[in-house]
Amino acid sequence: MLENNTIFVHPLKTPLPLTNDLAKPEAVEPCPVTSGAIAFGARSTVIVFILVGIILGIILALQLQVSDPYVKTVLTLDGDSLRGHAIFQMNCAGCHGIQNGRQVGPSLTAVSQRKSPVGIINQVTGGKTPPMPQFQPNPQDMADLLKYVQSL
């Protein structure tokens, strides 16, 4: 509502004069301290969101792996390291000698420090790195092999 060339605001506020003056506001120099802090804060927020996204993605991927019925079954069984050693000798030692002499595959010493139990199971059953073949022992044999490999 217009009254006497003013804009009606609110009864408790001061009315603003109505003018046709389009004067430019004065240029204000940004404060180097606060503008840098704001930019740093924005970058930090973006980085935090990215990291949270990556972490959630990893957790989801691990949940999907553990939801595999074969992997779940293997992880619930108690492995026998002696049986696992025999399975290793028959199926793995030709390429994965403990000393990593002139074998095709890498040494598996301390592999459990580099891979989770789910990762080891997936590596064995999927043959993810050529020339490693896919190998899917029954769940008890895989639990035994896992127990042995984790002891290396």
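Computed from a predicted model, the values in this text were never measured in an experiment. (Residues numbered from 1 in each chain as written. Predicted model: local features only at pLDDT ≥ 70, side-chain atom pairs only at ≥ 80, totals over all residues. Heavy atoms only, no water.)

(A) Broad picture of the overall build of the protein chain. Helix and strand content of the protein chain: six helices and two strands. Of the contacts formed within the protein chain by residues at least 6 apart in sequence, a portion of 56% connects residues at least 24 apart. Surface exposure of the protein chain reaches about 11400 Å², of which carbon and sulfur atoms provide 64%. (Helix = DSSP H or I, 4+ residues; strand = E, 2+ residues; numbered from the N terminus. Contact = heavy atoms within 4.5 Å. Areas by Shrake-Rupley, 256 points an atom, 1.4 Å probe, with all protein chains shown as cover.)

(B) Geometry of a nonpolar patch on the surface. Together, V46, I47, I50, L51, I54, I55 and I58 make up an exposed nonpolar region whose accessible area comes to about 660 Å². Within the fold, I50 resides in helix α1 (residues 32–66). (Patch = residues over 30% accessible without salt bridge, like charges linked within 9 Å, V, L, I, M, F, W, Y side chains within 5 Å. Salt bridge = Lys/Arg side-chain N within 4 Å of Asp/Glu carboxyl O.)

(C) Local environment of helix α2 (residues 69–76). Taken together, the buried positions of α2 are Y70, V71 and V74. Buried residues in α2, looked at end-on, bunch into an arc of 95°, giving them a common side. Turned more than 90 degrees away from the buried face of α2 sit P69 and T76, all of them exposed. Between the side-chain oxygen of the N-cap and the backbone nitrogen of Y70 there are 3.0 Å, and the N-cap of α2 in question is D68. (Buried < 20%, exposed > 50% of the residue type's maximum accessible area, 1.4 Å probe, protein only. Arc of directions from axis to C-beta. Polar contact = N/O pair within 3.5 Å; in protein donor to acceptor, adjacent residues only side chain to side chain.)

(D) Highlighting the side chain of Q123. Tracing the backbone shows Q123 in helix α5 (residues 117–126). Owing to a relative accessible area of 14%, Q123 belongs among the buried residues under this scheme. In this structure, Q123 is in contact with K115, K128, T129 and M132, ignoring residues within four places of it in sequence.

(E) Representation of the nonpolar core. If you look at the biggest cluster of nonpolar residues, it comprises 19 residues, and the most contacted ones within it are V74, F88, I121, M142, L145 and V149. Residue assignment for this core shows that the elements contributing at least two residues are α2, α3 (81–91), α5 and α6 (139–151). Top contributing element to this core by residue count: α6, with six residues. Ignoring sequence-local partners within four residues, the contact set of F88 consists of A93, H96, L108, L145, Y148 and V149. (Core = buried A, V, L, I, M, F, W, Y, C linked by side-chain atoms within 4.5 Å.)

(F) Expanded view of the pattern of salt bridges. Per the stated rule, a full pass over the model turns up two salt bridges. In this structure, D141 and R83 form a salt bridge, with 2.9 Å as the shortest nitrogen-oxygen distance. Within this pair, whereas D141 is found in helix α6, its partner R83 is found in helix α3, the two being separated by 58 residues in sequence. Residue classification places R83 among the partly exposed positions, given a relative accessible area of 40%. Taking the shortest distance from any N to any O, the salt bridge between D144 and R83 comes out at 2.2 Å. Taken together, the residues span a long stretch of sequence, with D144 in helix α6 and R83 in helix α3 at a distance of 61 residues. Three or more residues are tied together by salt bridges with common partners; here these are R83, D141 and D144.

(G) Structural detail: the packing of aromatic side chains. Counted according to the given criterion, the structure contains one aromatic pair. On the basis of an interplanar angle of 55° and a centroid distance of 5.3 Å, the ring pair of F88 and Y148 is categorised as tilted. With F88 in helix α3 and Y148 in helix α6, the pair connects residues that are 60 residues apart, well separated along the chain. Owing to a relative accessible area of 7%, Y148 belongs among the buried residues under this scheme. (Phe/Tyr/Trp six-rings, centres within 6.5 Å; stacked < 30°, edge-to-face > 60°.)

(H) Broad picture of α5. Most of α5 sits inside the fold, with eight of its ten residues counted as buried. At the exit of α5 stands G127, carrying a positive phi of roughly 55°.

By themselves, these observations are geometric and do not establish any function.
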